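For reference, the chains in residue letters:
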Amino acid sequence: GNLPKSISNLTRLEDLRLENNFIGGSIISEMGKLKNLVTLRLDLNVLRGPIPTSFGKLVDLKTLTLAGNYMNGPLPRELQNSKHMTTLNLHDNAFQGTIPTEWG
């Protein structure tokens, strides 16, 4: 199945781990409403499309794992807003372009 838009109602959520669940479609932009999110693991699914620019609103995000999907597009510059990011795992996708210089 796909990620439901209603997941954005879980605004107090800090840790979301949905790896290896055959989740398809694209990552919904509403995920940017999860402002308390520290860990987001969506690896080993069948997600497609780009990382939403709304992820720039996830300023407390420390871990983002999207490896092993079918994602593509450029890496959004907005991820630079996640100043606490210590783990970014994007391998086995089809992202294009370069790592934004704003990421440091």
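The structure reproduced in this document is the subject of the present report. Keep in mind that this is a model prediction, so the values were computed, not measured.

### Brief notes about the pairing of strand E4 (residues 46-49)
(1) Moving on: For strand E2 (residues 24-25) and E4, the ladder comprises two bridges, and the chain directions are parallel. Bridge pairing in E4 places Gly25 opposite Leu47.
(2) Moving on: In the sheet, E4 pairs with strand E6 (residues 70-74) via two bridges, with the strands oriented parallel. Within E6, the position partnered with Gly49 by the bridge is Met71.

### A look at the side chain of Asn93
(1) Moving on: Topologically, Asn93 is positioned in the loop between strand E7 (87-89) and strand E8 (94-96).
(2) Moving on: At 2.9 Å, the side chain of Asn93 forms a polar contact with the backbone oxygen of Leu66.
(3) Moving on: In terms of polar contacts, Asn93 uses its side chain to reach the backbone amide nitrogen of Tyr70, at 3.4 Å.

### Some words on unusual backbone geometry
(1) Moving on: Even without a glycine there, the phi angle at Asn20 is positive, about 60°.
(2) Moving on: Along the polypeptide, Asn20 turns up in the loop between strand E1 (15-17) and E2.
(3) Moving on: With a phi close to 60°, Asp92 is a non-glycine residue in the positive phi region.

### Thoughts on the pattern of salt bridges
(1) Moving on: Per the stated rule, a full pass over the model turns up four salt bridges.
(2) Moving on: Arg41 serves as the salt-bridge partner of Glu19, at 4.0 Å between the closest nitrogen and oxygen. In this pair, Glu19 is assigned in the loop between E1 and E2 and Arg41 in strand E3 (residues 39-41), connecting sequence segments 22 residues apart.
(3) Moving on: The class for Glu19 is partly exposed, based on a relative accessible area of 25%.
(4) Moving on: Linking Arg41 and Asp43 is a salt bridge whose minimum nitrogen-to-oxygen distance equals 2.8 Å.
(5) Moving on: You can call Arg41 partly exposed: its relative accessible area is 24%.
(6) Moving on: When its relative accessible area of 6% is taken as the criterion, Asp43 is described as buried.
(7) Moving on: Through salt bridges with shared partners, one network takes in Glu19, Arg41 and Asp43.

Procedures and definitions
Residues numbered from 1 in each chain as written. Predicted model: local features only at pLDDT ≥ 70, side-chain atom pairs only at ≥ 80, totals over all residues. Heavy atoms only, no water. Pairing = 2+ DSSP bridges. Helix = DSSP H or I, 4+ residues; strand = E, 2+ residues; numbered from the N terminus. Polar contact = N/O pair within 3.5 Å; in protein donor to acceptor, adjacent residues only side chain to side chain. Salt bridge = Lys/Arg side-chain N within 4 Å of Asp/Glu carboxyl O. Buried < 20%, exposed > 50% of the residue type's maximum accessible area, 1.4 Å probe, protein only.

Don't take any of this as a statement about function, it's just geometry.
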